[in-house]
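Now for the letters of each chain:
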Amino acid sequence: MVSKNTICLWYDGTALDAAKFYAETFPDSAVGAVHRAPGDYPAGKQGDVLTVEFTVMGIPCLGLNGGPAFQHNEAFSFQVATDDQAETDRLWSAIVGNGGQESACGWCKDKWGLSWQITPRALTDAIADPDPAAAKRAFEAMMGMRKIDIAAIEAARRG
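Quick caveat, the model's predicted, so the values are computed rather than measured.

### Some points on the overall build of the protein
Helix and strand counts for the protein come out as 5 helices and 8 strands. Counting helices and strands in the order they occur from the N terminus, the protein gives β-α-β-β-β-β-α-β-β-β-α-α-α. Dimensions of the protein, computed from C-alpha atoms along their principal axes, come out at roughly 65 × 25 × 25 Å. Across the 159 residues that make up the protein, the buried fraction comes to 38%. For the protein, long-range pairs separated by at least 24 residues make up 57% of all intrachain contacts whose partners lie at least 6 apart in sequence. Accessible area for the protein stands at about 8600 Å²; split by element, carbon and sulfur atoms hold 53% of it. Computing the positive centroid from 14 side-chain charges and the negative centroid from 20, the protein places the two 2 Å apart.

### Re the UniProt feature "domain: PhnB-like" (unreviewed entry) in the protein
Taken from the UniProt record, the annotation "domain: PhnB-like" (unreviewed entry) applies to residues 4-119. The span residues 4-119 carries 20% helix and 37% strand; its end-to-end C-alpha distance comes to 28 Å.

### Concerning a nonpolar patch on the surface
Taken together, the side chains of I127, F139 and M143 make up a nonpolar region of the molecular surface, amounting to roughly 270 Å² of accessible area. Note that I127 resides in helix α3 (residues 121-127).

### Quick notes on the packing of aromatic side chains
Following the criterion strictly, the structure yields 9 aromatic pairs and no others. A ring pair is formed by F21 and W112, whose centres lie 5.6 Å apart and whose planes are at 50°; its orientation type is tilted. Of the two residues, F21 is situated in helix α1 (residues 15-25) and W112 in the loop between β7 (107-109) and β8 (115-120); the sequence distance between them amounts to 91 residues. By the burial criterion, F21 is buried, and W112 matches it. Each ring, one from Y22 and one from W112, has its centre 5.8 Å from the other, and the planes form 75°; the classification is edge-to-face. Here Y22, found in helix α1, pairs with W112, found in the loop between β7 and β8; they are 90 residues apart in sequence, far enough to count as distant. Taking relative accessible area as the criterion, Y22 reaches 0% and is therefore assigned buried. By way of ring pairs, the aromatic residues F21, Y22, F26, F54, F76, F78, W112 and W116 are connected into one cluster.

### Examining the sheet that holds β8
Through backbone hydrogen bonds, the strands of a sheet pair up, either in parallel or in antiparallel fashion. Spatial strand order, β5-β8-β7-β6: 4 strands in an open sheet with mixed pairing. The sheet terminates laterally at β5 (77-82) and β6 (101-102), the two strands that pair on one side only. Here 6 bridges tie β5 to β8, and the two strands are oriented parallel to one another. Its bridge partner being in β8, Q79 is matched across the sheet by Q117.

### Description of the pairing of strand β3 (residues 49-56)
Of all the 8 residues making up β3, 6 are buried; the element is thus mostly covered by neighbouring parts of the structure. Of the strand pairs in this sheet, strand β2 (residues 30-36) and β3 are connected by 5 bridges, and their pairing is antiparallel. The partner of H35 across the bridge, within β3, is T51. Bridge analysis of β3 against strand β4 (residues 59-65) gives 6 bridges, and the strand direction is antiparallel. Following the sheet pairing, E53 is matched in β4 by L62. Hairpin connection between β3 and β4: a loop of 2 residues separates the two successive antiparallel strands, and M57 in this loop has a positive phi of roughly 50°.

About the thresholds
Residues numbered from 1 in each chain as written. Predicted model: local features only at pLDDT ≥ 70, side-chain atom pairs only at ≥ 80, totals over all residues. Heavy atoms only, no water. Helix = DSSP H or I, 4+ residues; strand = E, 2+ residues; numbered from the N terminus. Buried < 20%, exposed > 50% of the residue type's maximum accessible area, 1.4 Å probe, protein only. Contact = heavy atoms within 4.5 Å. Areas by Shrake-Rupley, 256 points an atom, 1.4 Å probe, with all protein chains shown as cover. Lys, Arg positive; Asp, Glu negative; His and termini not counted. Charge placed at Lys NZ, Arg CZ, Asp CG, Glu CD. UniProt positions renumbered as here; feature names shortened; annotations may be inferred. Patch = residues over 30% accessible without salt bridge, like charges linked within 9 Å, V, L, I, M, F, W, Y side chains within 5 Å. Salt bridge = Lys/Arg side-chain N within 4 Å of Asp/Glu carboxyl O. Phe/Tyr/Trp six-rings, centres within 6.5 Å; stacked < 30°, edge-to-face > 60°. Pairing = 2+ DSSP bridges.

Shown next, in the form of structure tokens:
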């Protein structure tokens, strides 16, 4: 059963592939019900996968195979708080290494065009440092990064 509030993500025939990748990559993620089209529709035929219910880190989602009309963009992203460099590296590499692409400041896109912010908790703490100079140094260090380097953020924070 679909949750009362669910994020609907539009795919061009690849919702099941995306849901499986997310379930394999992120903790507390799973693929649920797969619904097939009861008849032909603009982006597919009767029997094609129409929607896929899945969760990403506990967040309920619905993948809709709606065709190529709408593409993902940075206006929507998943922000993943990581606990250490190993987790940051693992998630970043999984997304980028599976046909995705790097962007700036901890952002990357998966091969379906969905944006992800792989954000170490150490970065969040550093840019919220009560010392404005320390926060600024950490922020400026982040601005020059693609994947976040926690050691470099902490070094910049210390000055």
